[in-house]
Amino acid sequence: KQEVTQIPAALSVPEGENLVLNCSFTDSAIYNLQWFRQDPGKGLTSLLLIQSSQREQTSGRLNASLDKSSGRSTLYIAASQPGDSATYLCAVRPWNTNAGKSTFGDGTTLTVKP
Amino acid sequence: KAGVTQTPRYLIKTRGQQVTLSCSPISGHRSVSWYQQTPGQGLQFLFEYFSETQRNKGNFPGRFSGRQFSNSRSEMNVSTLELGDSALYLCASSPIQGSDTQYFGPGTRLTVL
């Protein structure tokens, strides 16, 4: 059974700092890995999707990497802003399954202080 | 284009009651998936509906059921509520079945007393 762990559970940084969020998974036979953002009282917003054949994806100040062999993914946020404060979740989709079968981590709650 | 809407946003029920949650997908989207989010279990997949048919189901008891209407709107029903059913229920829509690109609604916060 796939297990997804996100450490730390919470992180507080001053504005402008670069930071890394971690996601680890136990079964490397994955189809893709996706990073989401969840704001209080709102649903999830997809940030980046990395296919199993890819090593990284970038969008603006965000960069996500994937290392299947070690079962790890990182989300790098450059020049953090207070608006980045949210909970970040990673989701791993196993091979040959529907997206709904993805396993989610519990998330890292990020607070960026002005 | 309007996003995914869920009603009601908040709900309080007592044990043993049943509840129905509603989800309206983005216009043109035919797939609706439901998820349960709790502090202890995290985000877990309940089921996916596409063209009025349940296509995939997670590991939840039969008390959890759903349906999808011809206009793609979906309802989720939980019967004989238990305290452990207290959670944020999220629905997500996508244009096709099994898509990785899902658009989530704000959720319905269900509290069971």
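This text goes with the structure placed above it.
1. What to know about the side chain of B:Asn77
Argument step 1. By the element assignment, B:Asn77 lies in strand β8 (residues 74-78).
Argument step 2. When neighbours within four sequence positions are excluded, B:Asn77 is seen to be in contact with B:Gln18, B:Val19, B:Thr20, B:Arg63, B:Phe64 and B:Ser65.

2. Some words on the side chain of B:Gln6
Residues and elements named next belong to chain B.
Argument step 1. In this structure, Gln6 sits in strand β1 (residues 5-7).
Argument step 2. The class for Gln6 is buried, based on a relative accessible area of 3%.
Argument step 3. Reaching out from Gln6, the side chain makes a polar contact with the backbone nitrogen of Cys91 at a distance of 3.1 Å.
Argument step 4. In this view, Gln6 contacts Ser22, Cys23, Trp34, Tyr89, Leu90, Cys91, Gly105, Pro106, Gly107 and Thr108; residues no more than four positions away in its chain are not counted.

3. Side note on the interface of chain B and chain A
Argument step 1. Contact with chain B, which involves 21 residues of that partner, is made by 18 residues of chain A.
Argument step 2. Buried area between chain B and chain A, summed over both chains or domains, comes out near 1400 Å², and the portion from carbon and sulfur atoms is 46%.
Argument step 3. For the chain B face of the interface with chain A, the top three residues by lost area are B:Leu43, B:Asp100 and B:Phe104, together amounting to 41%.
Argument step 4. Where chain B meets chain A, there are zero salt bridges.
Argument step 5. In this assembly, chain B and chain A are joined by two residue pairs in polar contact (both at pLDDT 80 or more).

What counts, and where the lines are drawn
Residues numbered from 1 in each chain as written. Chains lettered and ligands numbered in written order. Predicted model: local features only at pLDDT ≥ 70, side-chain atom pairs only at ≥ 80, totals over all residues. Heavy atoms only, no water. Helix = DSSP H or I, 4+ residues; strand = E, 2+ residues; numbered from the N terminus. Contact = heavy atoms within 4.5 Å. Buried < 20%, exposed > 50% of the residue type's maximum accessible area, 1.4 Å probe, protein only. Polar contact = N/O pair within 3.5 Å; in protein donor to acceptor, adjacent residues only side chain to side chain. Buried area = accessible area lost by both parts, 1.4 Å probe. Salt bridge = Lys/Arg side-chain N within 4 Å of Asp/Glu carboxyl O.

Limitation: the analysis is restricted to geometry and does not speak to function.
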